[in-house]
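Chain residues, written in single-letter form:
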4 protein chains.
Amino acid sequence: MNEEGSRSPLQAAARADAERFGKPEAGWRHKTYIVIFEADTRAGKRFDQWLIALILLSVFTVVLDSVAGIRAEHGSTLRALEWVFTAIFTVEYLTRLACVRHPLRYATSFFGVIDLIAILPSYIAFFIPEAHLLIDVRILRLLRVFRVFKLTGYVAEYSALGEALRASRRKIAVFLSFVFMVVLVMGTLMYVVEGPANGYTSIPMAMYWAITTMSTVGFGDITPQTEVGRFIASAMMLLGWGVLAVPTGIVTTEMAAQRMSRPTTTRTCPECLTEGHLPDANFCRHCGVRMPRYERDPGA
Amino acid sequence: MNEEGSRSPLQAAARADAERFGKPEAGWRHKTYIVIFEADTRAGKRFDQWLIALILLSVFTVVLDSVAGIRAEHGSTLRALEWVFTAIFTVEYLTRLACVRHPLRYATSFFGVIDLIAILPSYIAFFIPEAHLLIDVRILRLLRVFRVFKLTGYVAEYSALGEALRASRRKIAVFLSFVFMVVLVMGTLMYVVEGPANGYTSIPMAMYWAITTMSTVGFGDITPQTEVGRFIASAMMLLGWGVLAVPTGIVTTEMAAQRMSRPTTTRTCPECLTEGHLPDANFCRHCGVRMPRYERDPGA
Amino acid sequence: MNEEGSRSPLQAAARADAERFGKPEAGWRHKTYIVIFEADTRAGKRFDQWLIALILLSVFTVVLDSVAGIRAEHGSTLRALEWVFTAIFTVEYLTRLACVRHPLRYATSFFGVIDLIAILPSYIAFFIPEAHLLIDVRILRLLRVFRVFKLTGYVAEYSALGEALRASRRKIAVFLSFVFMVVLVMGTLMYVVEGPANGYTSIPMAMYWAITTMSTVGFGDITPQTEVGRFIASAMMLLGWGVLAVPTGIVTTEMAAQRMSRPTTTRTCPECLTEGHLPDANFCRHCGVRMPRYERDPGA
Amino acid sequence: MNEEGSRSPLQAAARADAERFGKPEAGWRHKTYIVIFEADTRAGKRFDQWLIALILLSVFTVVLDSVAGIRAEHGSTLRALEWVFTAIFTVEYLTRLACVRHPLRYATSFFGVIDLIAILPSYIAFFIPEAHLLIDVRILRLLRVFRVFKLTGYVAEYSALGEALRASRRKIAVFLSFVFMVVLVMGTLMYVVEGPANGYTSIPMAMYWAITTMSTVGFGDITPQTEVGRFIASAMMLLGWGVLAVPTGIVTTEMAAQRMSRPTTTRTCPECLTEGHLPDANFCRHCGVRMPRYERDPGA
């Protein structure tokens, strides 16, 4: 993905952040910024690795806590661990706010919001004890799980994936709306044909069944009981087959286009200016002149 | 998707409609036509947006009315709303008929028919009170849901999708007939091996199960109970895997072909303005004039 | 698929048949051969259309006869119809044998065998009345369904599909053996982990479940009950996702290769002999010379 | 896949093995090595065929032994056969170790380990009779099934498949981590919304359900019971649809790239015998010599 002269997407993102949040010029704030927000120095890399480990551990704690058996045995240990994590993440969050020049901009950015909702639940549960109802606690635990999305900031491929999605967003929106229309009409059809007695209790329920069927998941909690219903279901399954092909086509075409624009674009013959030579070519295929060596770009 | 000099598919469709239905020359009919049928003016755009909102709202009403709980509570409100929508759509329909010169042609066009079946149900239910049997009312509600297809007229990509499908229609027909034959033979095989006692009560029922299995939906309402049956089912699942690949291949190849024919769009012959030359072309393929060198176009 | 100078695959097949079976030179046998085996004359085309209709009708009869309700009401009618069809197909079969010069070669060919097993069942059921046990009759009916494969002789795309499959047969065989190995090992693993008590009664049963899971059909008749089992099942589902991509890749690549070799291969500039011009080019893109008109090949 | 002048992947692997394990120079060890480790001679090929047959037979024995009915009838026969196989494979293993110069290197290689765990179980069961508990025996049988992976050494395509996977490993890792994150968050969401009463007893259980749903397997052992749950499930099924497209895109692009780099294989420079030039090349890219015009190669 790298071509001569360009920086990695992560470094590009780091520079954008530095401008937006306001990287300090000097002092402890500057040193802290370099460690926390950037990964060029050894300390910066260390910090990132520890943070990833902490995030994974804290999420694992939440997951373990949901298993009734484990909660019964180690519940108090897990809750203590949870407070430790909350404390660490709180310190990290406040430090981040402290060492940028425009703290509000960080607080309102994507990762800033995630950082906040990663530590809020424990405090809410602490200050509003009545919120310790079973349902609220479960919702609060949910929010902690969002910490895991901080990991995407460390991997370059996610920007590539995000870009591919952004490029196709209009096609995807049209495709989704088409699916919605088909699901609505087919669902209503089945609601009329089968009726509430056979499980299709309302049009939304029938639409849920239609999505289950067309996406080929097929739970089987609701199934057609009439012959006409089975016939319509068969047609929907074949249609789902075809519709399934469309997002596959979109994604594959996008990836193939990215792939095919790579290998032959960078080399230009100094004589006849022909482009698109194979990576291992020593001579220009058009005029036969010798060409300089090719440094292959790394990465997939 | 737009190339210099050509109109968007929506405008092309609008011009075709104007010819077919007979756009009036002057007077209130001309002004009304521009607002209702075309989207070039501000009033025309406004009208379209209101219409889309009304269509979505009316469909939402139908969906809500099917949920037993909501119908019990707000049934009368929903029915009143339904009459309001019917009235609005009736006025719109009659205005459309009134402001074209060939009303019959509009009434028999695709959207004309949808407009009609979108308002008929309420009138049928009103004038034939005995038709208020539960089944009839449900069928009438179904027809209203077809209003949602009017939305496809607003989005250009649907014509692209329609064209891709039309281009591959013979391949699709052959594929479907092949699937039908395999489903028929495999279904009969399972009917013989398993028999009605195990759920395969007839060949059509076995064919329904075969489609369920080969499309990988797998409801589980019918499952093979004999070892031979399970063996045949395993073979069918692997076959379904391969067969699933075919429509994906058709769609992906079609999209890739459309995609790859595009890098030829950026080059325009200075003489005859023809677009879409091959990247390495030196001469225009239409008029033979020499063309400037090709700079690779960025972006997808 | 057609290029200037070549005949359609159907005609090529017809010529091959004529050589193999021995097309008669003159007399009523020659006239009959032209009608039955070839489709160039109006009578030949008529014959083919009637035969297709009869095949579809007879298969439809078999399907209807399997539905208990319909058999109870119209059983005798269906059986009478079945005898009519058997008679017609017998006459057709005997005529085919009579009007070729090497009847044995036809009788042993693919379609010859299908013709025979299409009429045998009724005679077997007639001459061996004890064979009227429920199971035997069902098996006999199965054989009649094979008539439907005669229809593939009429459609050119099936040869294309057959060729694409034959070209990839080694890749397909390797893929299938790989799937078999994974299913065997995973199935054994689940048999050990879950055990017969949870439904995994033997390794073959566990392999059936493994195919159900990896092909994403997921009947649900057998499901993992232990946590380790669920973990292994999750890994298998993700693996199945990836494995599903392979046949899709094989088929798509094959279709794309066929597609991309078409548009630009046939045209050659008379001056500079450059090949691969776009279908609508009037001037050679290399030397600017005018080129003769291009007749586009029909078909998808 | 073979190009003029290069050896097949199997022979390349054989040469690598000879160097690593130490092929003996002379004597009975040399003769034995040629038969066991290489397949160039008739004896070598014979040996390989017999070994494949024995492997398949021994695995088949394990599979049959798991079916309760067959074990009851033929249990002792199967166990005797198992000892025969164990004896044969032990002799083969010891011979392999004896006829290489660095036996330890073979014992620690991939196939060396598989050979060992293919024969160990029977000995463990023999020398530690208390290990004849039902569970242990089943685990021991599992290990024997790994013999089947020895077959992959005989087929060239597996190296191709392995290479394609190795090339995309980073993309695959990123994709899997993304899936893990989505499954974690969606699973937690459903755990909160539905709760243990509806089957979602813990977050790991909910994650298992999420994988079942997003991979479109859809067992149906756990299904959403609340309307919010069904809505979230619908969103997940549509998301799964899109996510399913990604590995398909990776694999297809990889296969297409391999495929499209092949049309360059037929052209050979008369001077340096380099193959694989671009179709429109006039000069060899290796030595700069002028090359004859390109005739398009037929076939895939």
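Nothing here was measured: the structure is a model prediction, and the numbers come from that model.

A. Expanded view of the overall build of chain A. Scanning chain A from N- to C-terminus turns up eleven helices and zero strands. Taken from the N to the C terminus, the helices and strands of chain A come in the order α-α-α-α-α-α-α-α-α-α-α. Buried positions account for 44% of the 300 residues belonging to chain A. Intrachain contacts of chain A at a sequence separation of at least 6 include 55% that bridge at least 24 residues. Accessible surface, chain A as shown: approximately 15,000 Å² in total, 65% of it carbon and sulfur.

B. How the structure looks around the confidence of the model for chain A. All names here are of chain A. Averaged over all residues, the pLDDT of chain A equals 72, while 62% of them reach at least 70. Within the model, the stretch residues 1–7 combines pLDDT values under 50 with ten contacts to residues more than four positions away or in other chains. Below pLDDT 50 for its whole length, residues 131–138 participates in eight contacts with residues either more than four positions away or in separate chains. Complex prediction metrics read pTM 0.74 and ipTM 0.70.

C. Representation of the pattern of salt bridges in the model. Residues and elements named next belong to chain A. One pass over the full model with this rule turns up four salt bridges over all chains. The partner of Glu92 in a salt bridge is Arg96, and the shortest N-O contact between them spans 2.7 Å. With Glu92 and Arg96 both in helix α4 (residues 68–99) and four residues apart, this pair spans about one turn of that helix. Overall, Glu92 belongs to the buried group, its relative accessible area being 7%.

D. Region of the structure containing the packing of aromatic side chains. Counting across every chain of the model gives eight aromatic pairs over all chains. Measuring from centroid to centroid gives 6.2 Å for Trp209(A) and Phe219(B), while their planes differ by 15 degrees, and the two rings are stacked. Of this pair, Trp209(A) sits in helix α10 (residues 203–214) while Phe219(B) sits in the loop between α10 (203–214) and α11 (227–260), each in a different chain. The two residues Trp209(A) and Phe219(B) agree in class, both being buried. A cation sits over an aromatic face here: Arg230(A) above Tyr208(B), 5.5 Å from the ring centre.

E. Representation of helix α3 (residues 42–66) of chain C within the structure. Spanning 25 residues, α3(C) covers 37 Å between terminal C-alpha atoms, matching the ideal 36 Å at 1.5 Å per step. Those residues of α3(C) not exposed but buried are Gly44(C), Asp48(C), Leu51(C), Leu54(C), Ile55(C), Ser58(C), Val59(C), Thr61(C), Val62(C), Val63(C), Asp65(C) and Ser66(C).

F. Looking closely at the environment of Val113(D). All names here are of chain D. Along the polypeptide, Val113 turns up in helix α6 (residues 110–127). Note: C-alpha distance between Val113 and Val63 (50 residues apart in sequence) is 22 Å. Those residues in contact with Val113 that lie beyond four places of it in its chain are Ala107 and Thr108.

G. Molecular detail of the nonpolar core. Core analysis: the biggest nonpolar cluster contains 143 residues, and Trp209(A), Trp209(B), Phe37(C), Trp209(C) and Trp209(D) have the highest contact counts within it. Excluding residues within four positions of it along the chain, Trp209(D) makes contact with Phe219(A), Met190(D), Tyr200(D), Ile222(D), Thr223(D), Pro224(D), Ala233(D) and Met236(D).

H. Representation of the side chain of Ser202(B). Its place among the elements puts Ser202(B) in the loop between α9 (169–194) and α10. Classification of Ser202(B) by relative accessible area gives buried; the value is 8%. Setting aside chain neighbours within four positions, we find Ser202(B) in contact with Tyr191(B), Ser66(C) and Val67(C).

I. Representation of a nonpolar patch on the surface. A surface patch of nonpolar side chains, about 390 Å² in accessible area, is lined by Trp83(A), Phe126(A) and Phe127(A). Inspection of the secondary structure assignment puts Phe127(A) in helix α6 (residues 110–127).

J. Seen up close, the UniProt feature "transmembrane region" (unreviewed entry) in chain A. UniProt records the feature "transmembrane region" (unreviewed entry) at residues 50–70, 106–128, 172–193, 200–219 and 231–252 of chain A, using the numbering of this structure. For the annotated span residues 50–70 of chain A, helix accounts for 95% and strand for 0% of the residues, and the straight-line distance between the end C-alpha atoms is 26 Å.

K. Broad picture of the environment of Ser122(B). Along the chain, the position of Ser122(B) falls in helix α6 (residues 110–127). A C-alpha to C-alpha distance of 9.8 Å links Ser122(B) and Arg79(B), two positions 43 residues apart in sequence.

L. Region of interest: unusual backbone geometry. The backbone of Thr216(B) shows a phi angle near 60 degrees, a positive value even though the residue is not glycine. Position of Thr216(B) relative to the elements: it lies in the loop between α10 and α11.

M. How the structure looks around the packing of helix α2 (residues 27–37) of chain C against α3(C). Residue and element names in this part refer to chain C. Viewed as axis vectors pointing N to C, α2 and α3 meet at an angle of 50 degrees, and their least axial separation amounts to 7 Å. When the axes of α2 and α3 are compared, the pair comes out oblique. Between α2 and α3, the contacting residues are Ile34, Val35 and Ile36 on the first element and Ala43, Gly44, Phe47 and Asp48 on the second. Grouping the amino acids of the contact of α2 with α3 by side-chain chemistry returns five nonpolar, one polar and one charged.

N. Structural view of the packing of α3(C) against helix α4 (residues 68–99) of chain C. Residues and elements named next belong to chain C. The geometry of α3 relative to α4 is characterised by a closest axis approach of 8 Å and an angle of 145 degrees between their N-to-C directions. Both α3 and α4 take part in a crossing whose hand is left-handed. Residues Phe47, Leu51, Leu54, Ile55, Leu57, Ser58, Thr61, Val62, Leu64, Asp65 and Ser66 of α3 form the contact with α4, whose own contacting residues are Ala68, Ile70, Arg71, Leu78, Arg79, Leu81, Glu82, Phe85, Ile88, Phe89, Glu92 and Arg96. Its residues placed into classes, the contact of α3 with α4 shows 14 nonpolar, three polar and six charged.

O. Geometry of the environment of Val217(C). You can see Val217(C) is positioned in the loop between α10 (203–214) and α11 (227–260). Among the residues examined, Val217(C) registers a relative accessible area of 0% and is labelled buried.

P. Just α4(A), in detail. If you look at α4(A), its biggest bend is around 85 degrees, right at His74(A). Within the span of α4(A), buried status applies to Gly75(A), Leu78(A), Glu82(A), Phe85(A), Thr86(A), Phe89(A), Thr90(A), Glu92(A), Tyr93(A), Arg96(A) and Cys99(A).

Definitions and cut-offs
Residues numbered from 1 in each chain as written. Chains lettered and ligands numbered in written order. Predicted model: local features only at pLDDT ≥ 70, side-chain atom pairs only at ≥ 80, totals over all residues. Heavy atoms only, no water. Helix = DSSP H or I, 4+ residues; strand = E, 2+ residues; numbered from the N terminus. Buried < 20%, exposed > 50% of the residue type's maximum accessible area, 1.4 Å probe, protein only. Contact = heavy atoms within 4.5 Å. Areas by Shrake-Rupley, 256 points an atom, 1.4 Å probe, with all protein chains shown as cover. pLDDT = per-residue confidence, 0-100. Salt bridge = Lys/Arg side-chain N within 4 Å of Asp/Glu carboxyl O. Phe/Tyr/Trp six-rings, centres within 6.5 Å; stacked < 30°, edge-to-face > 60°. Lys NZ or Arg CZ within 6 Å of the ring centre and 35° of its normal. Expected span 1.5 Å × (residues − 1). Core = buried A, V, L, I, M, F, W, Y, C linked by side-chain atoms within 4.5 Å. Patch = residues over 30% accessible without salt bridge, like charges linked within 9 Å, V, L, I, M, F, W, Y side chains within 5 Å. UniProt positions renumbered as here; feature names shortened; annotations may be inferred. Axes fitted to C-alpha atoms, helices over the stretch in contact; angles between N-to-C directions. Parallel < 35°, antiparallel > 145°, perpendicular 65-115°, else oblique. Nonpolar A, V, L, I, M, F, W, Y, C, P; charged D, E, K, R; others polar. Left-handed = near helix turned anticlockwise from the far one by under 90°. Bend = angle between axes of the 7 residues up to and from the residue.

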